[in-house]
Amino acid sequence: MARLGGKPVFVDIDPETLNMDVNDAVKRISSKTVGIIPVHLFIQTADMRAIMELAQQYNLKVLEDSAEAWGMECFVYGQWKKAGTIGHIGIFSFFPTKTLGAYGDAGLMVTYDEELYKKIKSYRVHGSTVKYFHDYIGYNSRLDTIQAAILRVKLKNINNSIAMRKKHAMHYIERLKHIPQIKFPKILECNKEVYYVFNLLVPQRDKLALYLKDKGIGTSIYYPMPLHLQKCFSYLGYKEGDFPVAERICKEIIALPMYPELTDDEVDYVCDVIEQFYR
Ligand SMILES: Cc1ncc(COP(=O)(O)O)c(C=O)c1O
C-alpha cells in the first residue's frame, strides 16, 4: 500500500486482545481514508464485526492480513466465518513457521470479488492475463509448484495440527495461571482461536527470555518494535508515545515454544523453568 503511494495511518492495539483497537481506528478515519487493514495477530482475528460495520459506515475496503490466521474463525453476519473471507480480500502467508507452513516462502490471496480476482491473478504473473501480453506492471509472485505440493500434503493434517497447538496452549495455561506476574491475551467470545503462537505478557521480559535461553528454551519476541517507530516509516513523522499500548506490549510480550510436535514433558519443562524464575 505504501509502495503504491498510499499513506499508511497506524492504529493502536487493544491491550487485552493485542489486535486493532477499533475505537482508535474510528478516530483516525478521514475523508482520504480508502480502506482498513485489520491484522489478525497471534491467536485470533481482529474484531471483524466492529471493523465491517465501520467499513460499511464509511464505505471503506477491507483487506484482512490473515498471514497468521489459518483456521481462525469469527462470528460475524450471524455465522462463523473463516479469517480472510470476511473483508474484500484476505491474504495468507505460508512462511515455514506459520500454522500451515511451506518449506520456503509461499502465500495466498482470496476474494469473492470477480474483478479483483482477475486483477490479482494477473498481477501475480507480471501483470499478464494472456501469456506474454501485459495489462499491468505486475510482480513475479507465483506459488512454486514444490511448495504447493508440500502444502497439499500438510493441508490434509491441518486440523489435527491446530488441535495439537490448542492442547499445548491449554497445558501452558493450566500450569502458569497461578503465577500472578503472568497475563494471557484475552480471546473475544466471537472468535475461534488458533494458537499460531503462544504469548505471555510479563514483567522483566528480557530477563525471563535470557533465563529461559540459559536453560535451553527458545523464545521469540513478536514484536520488538512497533511499526510507527520503524526506520522505513520515519517519513510519516510518528514519534515515541504516539501508540502507547503497542509500545508497552512490545516491552512485555514473549512467545513460548509452540508447534504441534511439542511433547507434554517439554511443555512441563518450560513451565517449571518459568516458575523457578518468578519464585
Ligand atoms: C501479520 C503478518 N503479516 C504479513 C506477514 C508477511 O508474510 P510473508 O513473509 O509470507 O510475506 C507475516 C509473516 O510473518 C505476518 O505475520
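Values in this document were obtained by computation on a predicted structure and should not be read as measured data.

S.K.: Requested: an account of unusual backbone geometry, with residues and values cited.
M.R.: Here the residue pair tyrosine 222 and tyrosine 223 is connected by a cis peptide bond, since its omega of 5° sits within 30 degrees of zero. A positive phi is found at leucine 18, a non-glycine position, where the angle reads about 70°. By secondary structure assignment, the location of leucine 18 is in the segment before α1 (22–27). One non-glycine residue, phenylalanine 42, lies in the positive phi region at around 70°. Relative to the elements of secondary structure, phenylalanine 42 occurs in the loop between β1 (35–36) and α2 (48–58). Given the relative accessible area of 6%, phenylalanine 42 is considered buried.

S.K.: Go over the environment of alanine 67, please, and point to the residues and values.
M.R.: On the secondary structure map, alanine 67 appears in the loop between β2 (61–65) and β3 (73–76). On the basis of relative accessibility, which here comes to 16%, the residue alanine 67 falls in the buried class. C-alpha separation for the pair alanine 67 and lysine 98, spaced 31 residues apart in sequence, amounts to 8.0 Å.

S.K.: Could you give an account of helix α4 (residues 145–155), naming the residues involved and the relevant values?
M.R.: If you check which residues of α4 are buried, you get Gln147, Ile150 and Leu151. Projection of α4 onto a plane perpendicular to its axis shows the buried side chains occupying an angular sector of 100°, all on one side. Exposed residues lying more than 90 degrees from the buried face of α4 are Thr145, Arg152 and Val153.

S.K.: Can you lay out the layout of surface pockets for me, pointing to particular residues and giving the numbers?
M.R.: Approximately 470 Å³ is the volume found for the second largest pocket. Lining the second largest pocket are 27 residues, and of these Thr97, Arg165, Met258, Tyr259 and Pro260 sit closest to its centre. Secondary structure elements with two or more residues in the lining of the second largest pocket: α5 (158–176) and β11 (253–256). Among the elements that take part in the lining of the second largest pocket, α5 stands out by supplying five residues, more than any other. Classifying every residue of the lining of the second largest pocket by side-chain character gives 14 nonpolar, nine polar and four charged.

Thresholds applied
- Along each chain, residue indices are assigned from 1 in the same order as the chain's sequence is written.
- Selection of residues for local features in this predicted model requires a pLDDT of at least 70, selection of side-chain atom pairs for listing and counting requires 80 or more, and totals for whole chains, interfaces and linings are taken over all residues.
- The basis for every side-chain value is the complete set of heavy atoms in the structure, and neither hydrogens nor water enter the calculation.
- Here a helix means four or more residues in a row that DSSP labels H or I, a strand means two or more in a row labelled E, and each is numbered from the N terminus.
- The buried label goes to any residue with under 20% of its type's maximum accessible area, the exposed label to any with over 50%, and the partly exposed label to all in between, with areas taken from a 1.4 Å probe on protein chains only.
- Each C-beta atom gives one direction from the helix axis, and the arc is the one those directions make.
- The rule is simple: put a 1 Å grid over the protein atoms alone, call a set of points where a 1.4 Å probe fits but cannot get out a cavity, call an open set with protein on both sides within 12 Å along at least five of seven lines a pocket, and count a residue as lining if it has an atom within 4 Å of a point.
- Grid points are joined across faces, edges and corners, and a volume is the space filled by probe spheres set on the points.
- In this classification, Asp, Glu, Lys and Arg are treated as charged, Ala, Val, Leu, Ile, Met, Phe, Trp, Tyr, Cys and Pro as nonpolar, and every other residue, Gly included, as polar.

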